[in-house]
Protein chains: 2
Amino acid sequence: MTVSSLVQLRLVWCCWTLPRWQMNGHKRPLAMWTSATAQWTLKQKKPAELYRIPVSRPPILSGTSLLGKGALSTTSISPKEVMLTSERYGVQRLPFSHVSDSDLAFFEHLIPGRVITDPDELRPFNVDWLQSVRGCSKMLLRPRTAAEVSEILRYCNKRKLAVNPQGGNTGLVGGSVPVFDEIIISTALMNQVISFNNVSGILVCQAGCILENLNQYLEELDFIMPLDLGAKGSCHIGGNVATNAGGLRLLRYGSLRGTVLGLEVVLADGSILNCLASLRKDNTGYDLKQLFIGSEGTLGVITAVSILCPRKPKSVNLVFLGCQSFSQVLGTFTTCKGMLGEILSAYEFMDDKCMKLVENHLKLSKPVTGSPFYILIETSGSNSAHDEEKLTNFLEHVMASGLVTDGTVATEDKKIKMLWSLRERITEALTHDGCVYKYDLSLPVERLYDLVIDTRARLGKTAKNVVGYGHLGDGNLHLNITAESYSHSLLNAIEPFVYEWTAQYNGSISAEHGLGFKKKHYIQYSKPQEAVLLMQQVKAMLDPKGILNPYKTLPASS
Amino acid sequence: MTVSSLVQLRLVWCCWTLPRWQMNGHKRPLAMWTSATAQWTLKQKKPAELYRIPVSRPPILSGTSLLGKGALSTTSISPKEVMLTSERYGVQRLPFSHVSDSDLAFFEHLIPGRVITDPDELRPFNVDWLQSVRGCSKMLLRPRTAAEVSEILRYCNKRKLAVNPQGGNTGLVGGSVPVFDEIIISTALMNQVISFNNVSGILVCQAGCILENLNQYLEELDFIMPLDLGAKGSCHIGGNVATNAGGLRLLRYGSLRGTVLGLEVVLADGSILNCLASLRKDNTGYDLKQLFIGSEGTLGVITAVSILCPRKPKSVNLVFLGCQSFSQVLGTFTTCKGMLGEILSAYEFMDDKCMKLVENHLKLSKPVTGSPFYILIETSGSNSAHDEEKLTNFLEHVMASGLVTDGTVATEDKKIKMLWSLRERITEALTHDGCVYKYDLSLPVERLYDLVIDTRARLGKTAKNVVGYGHLGDGNLHLNITAESYSHSLLNAIEPFVYEWTAQYNGSISAEHGLGFKKKHYIQYSKPQEAVLLMQQVKAMLDPKGILNPYKTLPASS
């Protein structure tokens, strides 16, 4: 292949879209198509909006301008606010101590100017992003170092004061906010990069670094973070690790259990566990850090993370395709695993109903219409000509075989972000549709969509919308049900039906969101009793007074 | 590019070797080169010898032909055998019960015909593959199911009988054989594949399946195991998981902490922990299986494994290169990460001294000579033309820039195996060189070889050979020192020097071999005291009587 033919192929390919291939059978430049159909309404929006967590969520404090001081307030919360978790769910407060004025004095002395007690400032930290649960914490602490976290926990443990470790507060199962008056320990000021080795690709940073900031930092050094998710603009890496976040790149770079190489964790008694190794391999004793990955702040507070980062791919392509059936979605997946192989980096699916919500509530337009299912396939590789050739072969094959009926390709960064926002902003669109009942399930891929169909049939008109989308490449379905308002009877129609359905196929009732507050009582649908008992033993061993993120993850020991 | 040009490129490339590029600057077919130089002496050998664990190791029982019965024997062991561990290391037996005739009767009733007590049959199971440690177990049990393992452990726990779980007995740190008279629980008869899903690539199998057998089974289904190591012909997947084996594919497919999706484990009290999920994502509670990965049989006996297997690559290439300095080895690594990207699947290095041992003791010839360092680079991809083009570009670049002085490429399966055997059989060659002092270290790559140089300088003529090789792509050095015979003074010159050197650079004193019996007292060089204490708490929680693989992994609690 000569250089000129390579360039020519690339130019043709980059602009290639697939508008109704069967209907006109020829290639048309993307630019022409987009201007002709005027469907790229996103282009008028600020790029930041297209791939960030929605701007309507409670703002995250940064710097020190919003710090509050003073005696503990007892101002009552406005009745218009989210219902208190304790009231909605009828939870009983455990016998922890209440924060006293002498406690306040201790913390003010320890981290002067970084103790927040003003009710207005505290409000966003007491409510989750979904506005579905609300605690009534009267104190938020903003340590800067593991040593400060250590002093805080040592004191709280001695005083039997419950704490709620909080990162970006983007969790979806009520794990990141207090249930009652737990002291919130925010990681927001622990936001320093400690080191980066550009030979090994190992990043060491504090837990409060925002995922998107880390990714930007790395991109300048020709690397990327091994995980990516819709909440990247707000979520903290410590929170990602504490919840074992999955997201969009898991298919390619694997889970955090493999990419996190080390952690620094402060235990309930204040001792600092320094397992912040920067080594790809280390078989010296038990891998303690794994206990804290995914334990949702119930076993310790993660203060720093060492993580293996891949090279920034030289070539990234994103394909948006339409399919006429879910079996075609599956067939396309099997085909693309074979034909795209090592360059496949994401395989996401969305049903037509969730695409309609994105369109209606966020005014985003999809480039392909008229299909009951849509797919996003991302490739990332080191040689753009090779990647494009693989992708072209794949697209020709799936179009010719009838697996796919329609599609478009994006290679430019801006267009890639626009296409991704159609997938990433579904969560946001759902919140505009009313009260959302969220389920995040792992299932055998071949059964994945049956649950959406069965749920839709079961609920009939009692639900406003029943939609399915998710990380098909990882067997991960996000099933979401919306209604005008919260209703116990609708909830009872959904649960335990969804959990029983999932357990029947040996699925997981929480693929990536964790159990938090909302799902902890359903753990037995995915874990045997022996496992739950052992988890409770682990919890009792590491946090005998139970001060760390109480009411979360595990049901109370019987 | 037309089809004909593609084929032409492929043909030229497949036969390409790089004999002294600087000297003659032209491409010569591999076949011509190999016959002309007659260096491929391996070709006359049986292929099986080229990539299996050496035939001289103790045979692994299979079937039931070697089963022994009868009363417990007290026959003394021949004085010519390996020195007893208890004598060489002066270990005190812990107060476990001794196996009685009534215990024998119980096990004979539980698993009739699968209790071995004959001293001759027991001998190979009491000695490690390196012939460096020896226990004096008088009983080996061969359960077939987790239920049988459960009954065995329930009984042993009640009777306070210590046990030694044993897979293929290929461990290198004395973890896989008894120290005293622990009952050996062999996984050899738990060798059934339970299921394989060819959409998800998830394999579920019993712990006693031999790694190579699993790989062969998968290859027929167009998949491979995500790990590969020299001992593949003997080692069991359960043992691989229990020791968190690394090996040759870790660079590409990541560690077992990411690829193992589920485990079935029998705990010390006999309870069966079924966490045998076949899901890529599962965030329901703490990830208990991680406790057992790498815990070397001290926390439970792994009886079944669920593991994510990648597609069999359509194209595999192996390159053997010579470098004039270690900094060129590093430069070649950085270059190949960038230029080979997603198809890079292994990057191994060997110094000239270990290549000489392979040549002298095993009569294997390397295809390239005259360099102080050699590299093996493997690529695995889905498109052979693309892979070959990437590899050609890379090789031209490293030759032109002087990073590499010599090399050869293999694309045929048989030749690939021959080249791999040069690397995989180093361990075997070392055992023929005398008494071997083995060190398996994780270090920052840029420091990796300095330790070999410093050790060589320190030991001078007191050592026969000091060699370095390993998984450079993972920062993993295998430092090996040979001497005519075991000597305390030589050991004292090596230790703690090697551990202190490693700790100085925040390395790990065991990258992939584990701690077993031989390294447990050195854990503090890589783990802080808080971590060791917590590990001891975990051990006490899961195995309060300490019956599981005692004297291993952790130093005794103080």
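Now for a look at the structure at hand. (Residues numbered from 1 in each chain as written. Chains lettered and ligands numbered in written order. Predicted model: local features only at pLDDT ≥ 70, side-chain atom pairs only at ≥ 80, totals over all residues. Heavy atoms only, no water.)

### Observations regarding the overall build of chain A
Which entries qualify depends on this criterion: Labels follow the DSSP assignment, with helices taken as runs of H or I lasting at least four residues and strands as runs of E lasting at least two, numbered in each case from the N terminus. Note on contacts: a residue pair qualifies if any of its non-hydrogen atoms lie within 4.5 Å across the two residues. Every accessible area reported is derived by Shrake-Rupley at a probe size of 1.4 Å, with residue values counting cover from the shown protein chains alone.
A count of helical and extended segments in chain A gives 22 helices and 18 strands. Summarising the internal contacts of chain A: among those between residues at least 6 apart in sequence, 76% fall at separations of at least 24. Summing over all exposed atoms, chain A offers an accessible surface of approximately 19700 Å²; the carbon and sulfur share of this is 54%.

### Points about the relation of the copies chain A and chain B
Stated formally: Each copy is superposed on the other by least squares, with the fit set by C-alpha atoms of residues at a pLDDT of at least 70 in both.
In the superposition of chain A on chain B (RMSD 0.0 Å, axial shift 0.0 Å), the rotation amounts to 180 degrees. Accordingly, the operation relating the two chain copies is best matched by a two-fold axis. The overlap is high: 100% of the interface residues of chain A also sit at the interface in chain B, so the same surface is used on both sides.

### A short note on the side chain of Ser295(B)
We count it as follows: Only protein chains enter the accessibility calculation, which uses a 1.4 Å probe; a residue whose area is less than 20% of its type maximum is buried, one above 50% is exposed, and one in between is partly exposed.
Within the secondary structure, Ser295(B) is located in the loop between helix H13 (289-292) and strand S11 (301-308). A relative accessible area of 1% means that Ser295(B) is categorised as buried. Residues contacting Ser295(B), with those up to four places away along its chain left out, are Tyr286(A), Ala242(B) and Thr553(B).

### A closer look at the sheet that holds strand S8 (residues 202-206) of chain A
The strands that make up a sheet pair up through hydrogen bonds in the backbone, lying either parallel or antiparallel. Residues and elements named next belong to chain A. Cut-off, in case you're wondering: What makes two strands pair is DSSP finding at least two bridges between them. For helices, the axis comes from a line fit to the C-alpha atoms of the stretch in contact; other axes are also lines fit to C-alpha atoms, and the angle between any two N-to-C directions lies between 0 and 180 degrees.
If you walk across this open sheet you meet the 5 strands as S7-S8-S11-S9-S10, and the pairing is antiparallel. Of all strands in the sheet, those with a lone pairing partner are strand S7 (193-197) and strand S10 (272-275), marking the two edges. Sheet twist, expressed as the mean angle between neighbouring strand axes with direction ignored, is 10 degrees. The pairing of strand S9 (residues 260-266) with strand S11 (residues 301-308) spans 6 bridges and is classified as antiparallel.

### Concerning the pairing of strand S17 (residues 465-471) of chain A
All names here are of chain A. Along S17, 7 of the 7 residues are buried, which leaves the element largely enclosed by surrounding structure. Looking at chain direction, strand S13 (residues 344-351) and S17 are connected through 2 bridges and run antiparallel. Across the sheet, the residue bridging to Met350 is Tyr469, located in S17. Pairing between S17 and strand S18 (residues 476-483): 7 bridges, direction antiparallel. Paired with His471 across the bridge in S18 is Asn476. What sits between the antiparallel neighbours S17 and S18 is a turn of 4 residues, in which Gly475 has the positive phi angle 70 degrees.

### Some points on the sheet that holds strand S4 (residues 140-141) of chain B
All names here are of chain B. Read from one edge of the open sheet, 4 strands run S3-S4-S6-S5, paired in mixed fashion. Of all strands in the sheet, those bounded by a partner on one side alone are strand S3 (115-116) and strand S5 (163-166). The pairing of S5 with strand S6 (residues 183-186) spans 4 bridges and is classified as parallel. When the bridges of S6 are listed, Pro165 appears paired with Ile185. Relative to S6, helix H8 (residues 146-159) is tilted by about 165 degrees, and along the sheet it contacts S4, S5 and S6.

### Some details on unusual backbone geometry
For residues other than glycine, phi is negative in most cases, and the peptide bonds are mostly trans. Residues and elements named next belong to chain A. Along the chain, Glu495 connects to Pro496 via a cis peptide bond; the corresponding omega equals 5 degrees. Tracing the sequence through the fold places Pro496 in the loop between helix H20 (488-494) and helix H21 (497-504). Of note, the phi angle at Glu296 is positive, near 55 degrees, even though the residue is not glycine. Structurally, the position occupied by Glu296 is in the loop between helix H13 (289-292) and S11.

### Points about the environment of Glu446(B)
Locating Glu446(B) in the fold gives a position in the loop between strand S16 (435-442) and helix H19 (450-459). With 119 residues separating them in the primary sequence, Glu446(B) and Ser327(B) have C-alpha atoms 8.0 Å apart. Beyond its immediate sequence surroundings of up to four residues, Glu446(B) is in contact with Asn197(A) and Leu330(B).

### Some points on the pairing of strand S18 (residues 476-483) of chain B
All names here are of chain B. Burial of S18 is extensive: 8 of the 8 residues sit out of reach of the surface. Burial of S18 is two-sided: the residues Asn476, His478, Asn480 and Thr482 facing one way and the residues Leu477, Leu479, Ile481 and Ala483 facing the other way are all buried. Where S16 and S18 come together, 8 bridges link them in antiparallel fashion. Bridge pairing in S18 places Leu441 opposite Leu477.

### A look at the interface of chain A and chain B
Note the threshold: Summed over both partners, buried area is the accessible surface (1.4 Å probe) that two parts give up on being assembled. Salt-bridge detection follows one rule: a side-chain nitrogen of Lys or Arg within 4 Å of a carboxyl oxygen of Asp or Glu. Pairs of N or O atoms within 3.5 Å make up the polar contacts considered here, provided that, within protein, one atom can donate a hydrogen while the other can accept it, and that residues adjacent in sequence are counted only when both atoms are side-chain atoms. Amino acid classes used here: Ala, Val, Leu, Ile, Met, Phe, Trp, Tyr, Cys and Pro are nonpolar; Asp, Glu, Lys and Arg are charged; the rest, including Gly, are polar.
The partner chain B presents 84 residues to the 84 residues of chain A that form the contact. At the boundary of chain A with chain B, total buried surface from both sides reaches about 6800 Å², with 57% on carbon and sulfur atoms. When the area that chain A buries against chain B is broken down by residue, the three leading residues are Lys281(A), Asn283(A) and Tyr286(A), summing to 15%. Between Asp474(B) and Lys281(A) there is a salt bridge whose closest N-O contact spans 3.4 Å. Between chain A and chain B we count 42 residue pairs in polar contact (both at pLDDT 80 or more) in total. Mapped onto the side of chain A that touches chain B, the elements with two or more residues apiece are helix H11 (250-253), S10, H13, helix H14 (326-340), helix H16 (384-400) and helix H22 (529-542) of chain A. In terms of residue count, H22(A) provides more of the side of chain A that touches chain B than any other element does, 9 residues in total. Within the side of chain A that touches chain B, the residues separate by chemical class into 30 nonpolar, 35 polar and 19 charged.

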